[in-house]
Amino acid sequence: MKKHEIYLQEAQTQAEFAKRSYAAFREAERKSAVVDVFFHLRHFLMHAANIDRILDTKPGSERHSILAGHLDLSGIDLKPFRRLRNHLEHFDERLDRWVRDFDGHPLFDMNIVTGTKGFPSKAFLRALDGDTFKFYGENYSMTKLHSAVVEIDSRLSAACTLSNPS
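This report concerns the structure included in the present document. From a predicted model like this one, the values you see are computed outputs, not experimental measurements.

Rules used throughout
Residues numbered from 1 in each chain as written. Predicted model: local features only at pLDDT ≥ 70, side-chain atom pairs only at ≥ 80, totals over all residues. Heavy atoms only, no water. Pairing = 2+ DSSP bridges. Helix = DSSP H or I, 4+ residues; strand = E, 2+ residues; numbered from the N terminus. Buried < 20%, exposed > 50% of the residue type's maximum accessible area, 1.4 Å probe, protein only. Core = buried A, V, L, I, M, F, W, Y, C linked by side-chain atoms within 4.5 Å. Contact = heavy atoms within 4.5 Å. Phe/Tyr/Trp six-rings, centres within 6.5 Å; stacked < 30°, edge-to-face > 60°. Lys NZ or Arg CZ within 6 Å of the ring centre and 35° of its normal. Axes fitted to C-alpha atoms, helices over the stretch in contact; angles between N-to-C directions. Parallel < 35°, antiparallel > 145°, perpendicular 65-115°, else oblique. Left-handed = near helix turned anticlockwise from the far one by under 90°. Nonpolar A, V, L, I, M, F, W, Y, C, P; charged D, E, K, R; others polar.

Some words on the pairing of strand S3 (residues 132–135)
- In terms of strand pairing, strand S2 (residues 124–129) meets S3 through four bridges, oriented antiparallel. Looking at the pairing, alanine 127 lines up with lysine 134 of S3.
- Between the antiparallel neighbours S2 and S3 lie two residues, among them glycine 130 with a positive phi of about 65°.
- Pairing of S3 with strand S4 (residues 138–141), which is carried by four bridges, proceeds in the antiparallel orientation. By the bridge assignment for S4, lysine 134 is matched with asparagine 139.
- Connecting the antiparallel pair S3 and S4 is a turn made up of two residues, with tyrosine 136 showing a positive phi of about 50°.

As structure tokens, then:
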């Protein structure tokens, strides 16, 4: 096994985990199992961010040198979703800010709010509005992230096939 294959295979594993978590999220949504919706969303976001962490290398780093030329990620940007993952990873700090800034306004946490109108963005700690995950005043498209994961997985499969021709 070559060094770049180790990274590509781990990214492919993370893509598979992300796709499974996304499917479980959609199934929980279909069943109106609200707690499960947010449980599976959290895992989906974690695995999607792990793909980005593995493959989005810093120029000049050893990993960048190892992966150079083995995978084309042009046109794919997971960085906005790394921001969301960081919010969730450091949830205690976000919660501290939320509590500090709370002024008695409406609060939506772990709610499905599809179609809800008229509330300020600060009202949503964690909420799902259709395809949009709302967190601490920011919006993230889950379909967009899932599409990026599927595209990366497809490119990873092609790259792994090229590395290991039959």
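What follows picks up the thread again.
Some words on unusual backbone geometry
- The backbone of serine 32 shows a phi angle near 60°, a positive value even though the residue is not glycine.
- Relative to the elements of secondary structure, serine 32 occurs in the loop between helix H1 (3–30) and helix H2 (34–55).
- For methionine 110, which is not glycine, the phi dihedral falls at a positive 55°.
- Mapped onto the elements, methionine 110 comes out in strand S1 (residues 108–112).
- On the basis of relative accessible area, methionine 110 is assigned to the partly exposed category, the value being 25%.

Thoughts on the nonpolar core
- One finds Leu55 and Met142 to be the most contacted residues of the largest nonpolar core, which totals 39 residues.
- Going through the elements one at a time, H1, H2, helix H4 (79–89), helix H5 (91–101), S2, S3 and helix H6 (142–163) are the ones with two or more residues in this core.
- A total of nine residues in this core trace back to one element, the largest contributor, which is H2.
- Aside from chain neighbours lying at most four places away, what touches leucine 55 is Leu8, Ala11, Leu67, Leu71, Leu73, Ile152 and Leu156.

Some remarks on the side chain of aspartate 52
- Tracing the backbone through its elements, the reader meets aspartate 52 in helix H2.
- Apart from residues no more than four positions distant in its own chain, aspartate 52 is found in contact with Leu78, Lys79 and Arg82.

Notes on the packing of aromatic side chains
- Taken as a whole and assessed by the stated rule, the structure comprises eight aromatic pairs.
- Between the aromatic rings of phenylalanine 108 and phenylalanine 119, the centroid separation amounts to 4.8 Å while the plane-to-plane angle is 80°, which identifies the pairing as edge-to-face. Separated by 11 residues along the polypeptide, phenylalanine 108 in strand S1 and phenylalanine 119 in the loop between S1 and S2 bring together distant segments of the chain.
- According to the relative accessible area criterion, phenylalanine 108 is buried, its value standing at 16%.
- Note on phenylalanine 119: relative accessible area 36%, which makes it partly exposed.
- Positioned above the aromatic ring of phenylalanine 124 is the side chain of lysine 134, whose terminal nitrogen or guanidinium carbon lies 5.0 Å from the ring centre.

Concerning the packing of H1 against H2
- Between H1 and H2, the shortest axis-to-axis distance is 8 Å and the interhelical angle comes to 160°. When the axis of H1 is compared with that of H2, the two are roughly antiparallel. Note on packing geometry: the crossing formed by H1 with H2 is left-handed.
- A class-by-class count of the residues in the contact of H1 with H2 yields 17 nonpolar, six polar and three charged.

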